[in-house]
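# Structural features, examined
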Amino acid sequence: MKTILLIEDNPLNRRLFFDILTASGAKVIQACSALEAIMLLKKVTPDLILTDIGLPRISGIELCYYLKRIKKTKKIPLIAITAFAFENDKKTLLSLGFDDVLIKPIDIFELLNACGLNIIF
């Protein structure tokens, strides 16, 4: 079972992503801020991290910088989720260290594919 850390401040989006990912067999750990995610990462090591870019206080980009410099987390695949991106923005996010970028509204199949999950619902 794949463990995914989902970082999303919008409760409706968080619930939607949680439901889709768990229905496809993943164990999902949720955080609503980068700071909460950093605290969770002291206790767990997920297989994948999905993070919104527009988080309060510490952005997803700042979180990426931090996670890619820590030994425990630097090799964990990190996927950005954003509503404010065009193709050039996607290239920029990839150059900053993200392993993939999903643009909202996210297609369910695209989400599952990016997470390496199969559709089982």
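Residues numbered from 1 in each chain as written. Predicted model: local features only at pLDDT ≥ 70, side-chain atom pairs only at ≥ 80, totals over all residues. Heavy atoms only, no water.

### Structural notes on the pattern of salt bridges
Within this structure, the stated rule accounts for 4 salt bridges. A salt bridge links Lys104 to Asp52; the shortest N-O distance between them is 3.5 Å. With a gap of 52 residues between them, Lys104 in the loop between strand E5 (100–103) and helix H5 (108–114) and Asp52 in strand E3 (residues 48–52) connect regions that are remote in the sequence. Here Lys104 matches Asp52 in class, with each residue buried. (Salt bridge = Lys/Arg side-chain N within 4 Å of Asp/Glu carboxyl O. Helix = DSSP H or I, 4+ residues; strand = E, 2+ residues; numbered from the N terminus. Buried < 20%, exposed > 50% of the residue type's maximum accessible area, 1.4 Å probe, protein only.)

### With respect to the nonpolar core
Counting 20 residues, the largest nonpolar core has Leu5, Ile7, Ile49 and Phe98 as its most contacted members. Setting aside residues no more than four positions away along its own chain, Leu5 makes contact with Ile29, Ala31, Ala37, Leu40, Leu41, Pro46, Leu48, Ile49 and Leu50. Residues Leu48, Leu111, Leu112 and Leu117 belong to the second largest nonpolar core, which totals 17 residues. (Core = buried A, V, L, I, M, F, W, Y, C linked by side-chain atoms within 4.5 Å. Contact = heavy atoms within 4.5 Å.)

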